[in-house]
Each structure stands twice: as C-alpha cells, then as structure tokens.
Amino acid sequence: MRPLVTGVLGGVLLAAGGLYAGPLRPLAPLIALTLFARALRDSKSMRRGAAVGFAFGATAQAVALAFVATTAMRFSSVGLLGGTAAVLLTAAAQALPHAAVGALFVRFRRRSPAGSIAAFSILLHLATFAPGLFPWTAAVPLAHLPEAIQLAAFFGERGLVFALGAIAMALALASTRRGDLSPLAFASGVLVAVGAFGRWRVQAIEEDRQAAPAFPVALVDARVDARGRWAAGTEQGLLEALQTATRARTKPDALVVWPEAAYPFVLPRGTRREPIGPFAILPTGERTPILTGLFLSTKQGTRTNAAVVAYPDGTLSKASEKRHLVLFGEQVPLIRELPFLRRWFGLGLGIEPGGPPVTISVQNANIGTLVCFEDTLPAAGRELFQADKIPNLIVNMTNDAWFTGTAEPELHLTAATFRAVELGRDLVRAVNGGVSAHVTASGRWAATRSEPVGGALEATPVLLEKRTIYEQFGDGPLLVFDALVAGGLVLRRRRTKRNEAPTDVDTSQRGAQDC
C-alpha cells in the first residue's frame, strides 16, 4: 500500500505543484518523479508496478485536466456526472503509458544504480510518445524557468523528461542506499551541468536576438464568447469588434494577428482575393496586413481550419492549414457508428486536416503558423520547416474561450513555450479568451495579456535564422540511444541469468569417480 500512496502523492505534486506553486513550480516535476521512482523501487511485482504507475499518471492527469469537466458541462448536455466521467476517463486513458512504465521497470529493474537510472529514464522518455487528448509531459512546469529547458534545443521537450527521469531515479536511489554517495553525486552533477549550460545558452540566444531584425506585431483578442462565435446573425458584429481592436493599437506599422477562426465568414479554399464591402478583413483605410484565422470550405462540403494574410492590395496569401485536429473538438471517432455522439460533439463535425505546411511571407518575415493545440505538439512545430521557405517567426492562433475561468489557458501557454526553444524562433500567440503572449527563442515570456476585455498585445519579436539540432533531427538521436542502452541492458540481464543458472552435472557420483 505504501508504494501506491507514494505514487498518488507524486501525481498530485506533479500537477498541482506544476500549476499552482508559483516560483516553486519548476521543482514540482523533479520531486514528483523522485517519489514515483521510489515507489517503483519498493514495488515487488509487475502488477504492483503497473498499479503504482497508473495511480501516479491518473492522479496527475485528473488534477491537471480538471478543466475538462467544466468545459464539458458548459458546452454540452452531459451534466455534472458526465463532466466528471469525462475527466476520469481522460485521466485513465492518459495514465496508461505510466502504468506501462511501472510494469516494465519492475520487470527489467537492475540491481546496479546505473541500470536503474537508465531503465527509468528510457521508459519515461518512450511514454511521452503515447497519443493523448490533451498531451502534456512532466517537463511542462520547467517552462517557468528558461534556464532549465535549454536542452530542448537539442533533444526536445521529451529529452527533458529523459533527463528528469535520470535525476529523479538517482535521488530515489540516494534515499535508500545509505553510505553510497554516487547516486547523489550523479544527480547533483547533472543538475549543475544543466543549469550552467542553460544560463549560458539563454545569454547566447539573447545576444543573437539583439542583433536580429525586429518585427512588431499586434496580437488582437476581441474577447468573443465561445458560444457567441458560432451564433447565427452575429458575424458582422464579431468582425466589427476585431476591426475596432485593430484600430486601437499604438504601432500602426505592426502586423496585426487575429486569433483562430476569428474571421466569422467562411471563404472558399484556394481563394486569393479578399472579400469586399462589409465582408472585408481589413478595415477601411488600413494599410497594414492582417494575419487571421478562418475556416475555408472545400469542394467536398467540409472545412479546414486555416490562417491567411490579407494584404492592403486586396489579395490573400496562400492558406496555411491546421494539420493536427483536436480529438472530439474537430474530429469525432465512431461518429457514423454512434450517431448519438452528434448531440454532444456537433461543432466538431465536417473539419478535415489541412494540406502540406505553408510559410506565409510578410515583408522580411517568413511566418510559420500553428493553430490551436498544435503549439503543444513537437511534431507540428518541426513540420513547419518542411515548407518551401524556412520560417523565421512562429505564430500561434488559438481560441481558448472554451476554457475561460480554468487553468487551461496558462497550461496551454506553458506547454507551448517549448516550441520556441526547440525551433530556435520567437513565438507569438494571438489568443481569444486566453493568454496572448510573446515567448522569446530562449523560452522567456517577454509579454503576456489576459485581460477580461478586448484589446491587443503589442510585442516586438525578432526574426532569427539559425536552426537548432532538434528542429533538424527531432527525437531520432535520443531514440537510437534508448535502443542501444535498452539492448545492452537486456543482453546483460540474459548473460547474468545464464551465469546464475544451475548446472546439470550430477555430483553424487563425483567421489566414486575420483577414487
């Protein structure tokens, strides 16, 4: 029972500490994973290890994703019971990778400290590849301390989970192996090295940013209610609210960015001309381009969630379309087999993934766009660099009005911070009903806005050109390392078992033979 309680405590600390502990938030994942590691060391069977892992993961997910219940009750007819069930089911599903971590660690645990550290780190790293409705990792709270996340430029957010796992298991071993200081020395050495490297790299990135060209932007949030965005007959009022907030900016030459699906009218996919008259995107007399989220209709009767730039000459840029759809928000599994799901998830029907990545050019800026939760996905960020032009600025447009009054908007921003470091680019976020922000390439929050009234966050990102190791090679190098080390551990385990196996020699006659 004690390992199970320790696992639950670790899960609560990871989520609650990571979200609500103020300046102590970066410590939460390290302490939480140390408790998880200690609980697994005390587990005697694979079944107990799986239970500990599930308890750790489910508790962390339930606490962090409590906003799911509020959102489900607010925008569907499921009620309190259904909202609670949604949280519990989501938490249970996203806890399964940690259950696998627990079971496999106990199955292949090593007596040596190095073997235990390697096994725990590899399993935690592999668990981050499991898909989820709202994917987030144990590294997310570290985003509040930019110096702690600079390894993401080389190994990504998932690589930081690997490092956290190594340090956590070393600390867990140090708490049980009295007289053996090597695990504590290892953990201390890694922490000092990561901190020193992080501090150096943050300074180096800021020096590069000072030498790079500035590109001012105005991130508009008209504070449109989530239901109001889809109410019939409100389109003209929504457009006027966006245009009013646009005119209120103090930097007239700044690129204006509207949030996800902000333009309230649907345009045909492939159109390159801006609508005119009351449907125009640019307000009368506006001479600065506007980058807006909108829906585009396809010939098949579906829509794509996209972003385009409306230029002052009346043309539109080629659309950059969302490729990774939100489960139950934009795609609903089994909707044909289970028609009753349409009552609960009607707004998520008829949206399809977009085409290949597109870079949008505005003056000297080559902009890669991430729509909605795409800025929480490492793969989505790297895909931007497959376009015809390498982006030198990343723009996210999101509608977080669905989650107003919950912890989701800040959790979303925190998770998105890693994309700036992984890609080596400044990231700006235009968010309706959430936290608009400018995140520098070093992961620093240069400016944020989450006011309850409409307006614009004016920020000055810079255009960077250097490419990071992670952007070019992704998770491949660390996965190869995982495979090599795991293979070595398995071979060593088999060799050890072979050496310890009893022989078939019958020694009962040895004395007679010797005579």
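Before reading further, recall that the structure is shown in the block above.
An account of the accompanying structure is given in this report. (Residues numbered from 1 in each chain as written. Predicted model: local features only at pLDDT ≥ 70, side-chain atom pairs only at ≥ 80, totals over all residues. Heavy atoms only, no water.)

1. Some points on the sheet that holds strand β9 (residues 393-399)
We apply this condition: Strands were regarded as paired on the criterion that DSSP finds at least two bridges between them. Secondary structure elements follow DSSP: runs of H or I no shorter than four residues count as helices, runs of E no shorter than two count as strands, and numbering proceeds from the N terminus. Angles shown run from 0 to 180 degrees and are taken between the N-to-C directions of axes, each axis being a line fitted to C-alpha atoms and, for helices, limited to the stretch in contact. For this analysis, residues touch if any pair of their heavy atoms sits within 4.5 Å.
Spatially, six strands are ordered β7-β8-β9-β10-β11-β12 in an open sheet, and the strand pairing comes out mixed. The open sheet is flanked by β7 (359-362) and β12 (445-449), the only strands paired with a single partner. Strand-to-strand, the axes of this sheet are offset by a mean angle of 20°, without reference to chain direction. Bridge analysis of β9 against strand β10 (residues 427-432) gives six bridges, and the strand direction is parallel. Along β10, the bridge assignment pairs threonine 398 with valine 431. With respect to the sheet, helix α12 (residues 408-423) is in contact with β9, β10, β11 (436-439) and β12, its orientation differing from that of β10 by roughly 155°.

2. Details of unusual backbone geometry
Applied cut-off: Between buried and exposed lies partly exposed: a residue is buried under 20% and exposed over 50% of the maximum accessible area for its type, with that area taken using a 1.4 Å probe on protein chains only.
Here arginine 223, not a glycine, exhibits a phi torsion of approximately 55°, which is positive. Look at arginine 223 and you get partly exposed, because its relative accessible area is 25%. In this model, cysteine 372 sits at a positive phi of 60°, which is unusual for a non-glycine residue. Among the residues examined, cysteine 372 registers a relative accessible area of 8% and is labelled buried.

3. Focus on the nonpolar core
To be explicit about the condition: Only buried residues count toward a nonpolar core. Its members are Ala, Val, Leu, Ile, Met, Phe, Trp, Tyr and Cys residues joined through side-chain atoms within 4.5 Å.
Phe36, Phe120 and Leu291 are the most contacted members of the largest nonpolar core, which has 82 residues in total. Among the elements that make up this core, the one with the highest residue count is helix α7 (residues 152-174) (12 residues). When neighbours within four sequence positions are excluded, leucine 291 is seen to be in contact with Leu255, Val256, Val257, Trp258, Ala307, Val308, Val309, Ile360, Ile367, Thr369, Val395 and Met397. Counting 22 residues, the second-largest nonpolar core is a separate cluster that includes Tyr263, Leu267, Leu296 and Ala306.

4. Description of α7
So the rule is basically this: Multiply 1.5 Å by the residue count of a helix minus one, and that product is the helix's expected span. Bend, in this description, refers to the angle at a residue between axes fitted to the seven residues ending there and the seven starting there.
With 23 residues, α7 extends just 27 Å between its outermost C-alpha atoms, more than 12% less than the 33 Å of an ideal straight helix rising 1.5 Å per residue. Largest kink in α7: about 80°, centred on arginine 158. Most of α7 is tucked away: 19 of the 23 residues are buried.

5. Some details on the packing of helix α2 (residues 27-41) against helix α3 (residues 46-64)
Here is the rule we go by: For classification purposes, angles smaller than 35 degrees are called roughly parallel, those larger than 145 roughly antiparallel, those between 65 and 115 roughly perpendicular, and all remaining angles oblique. The sense of a crossing depends on the near helix, which, turned anticlockwise from the far helix by less than a right angle, makes the crossing left-handed and, turned clockwise, makes it right-handed.
Taken N-terminus to C-terminus, the directions of α2 and α3 make an angle of 160°; their axes are 9 Å apart at the nearest point. As the angle between them shows, α2 and α3 are arranged roughly antiparallel. Along this stretch, α2 crosses α3, giving a crossing that reads as right-handed. Residues Ala32, Leu33, Phe36, Ala39 and Leu40 of α2 lie in contact with α3, whose contacting residues are Gly49, Val52, Gly53 and Phe56.

6. Quick word on the environment of histidine 125
Relative to the elements of secondary structure, histidine 125 occurs in helix α6 (residues 113-127). A residue is classified by how much of its surface remains accessible, and histidine 125, at 0% relative accessible area, is buried. Expressed as a C-alpha distance, the spacing of histidine 125 and alanine 163, which sit 38 residues apart in the sequence, is 8.9 Å. Those residues in contact with histidine 125, other than ones at most four positions away along the chain, are Arg158, Gly159, Phe162, Leu478, Leu479 and Asp482.

7. What about the packing of helix α5 (residues 79-108) against α6?
This is how the line gets drawn: Residue polarity is assigned by list, with Asp, Glu, Lys and Arg as charged and Ala, Val, Leu, Ile, Met, Phe, Trp, Tyr, Cys and Pro as nonpolar; anything else, Gly included, falls into the polar class.
Axis separation between α5 and α6 bottoms out at 9 Å; the angle between their running directions is 155°. Comparing their axes, α6 and α5 come out roughly antiparallel. When the axes of α5 and α6 are compared, the crossing they make is right-handed. Counted together, Pro97, His98, Val101, Leu104 and Phe105 of α5 and Ser116, Ala119, Phe120, Leu123, Leu124 and Ala127 of α6 form the full contact between these two elements. Taken together, the residues of the contact of α5 with α6 sort by class into nine nonpolar, two polar and no charged.

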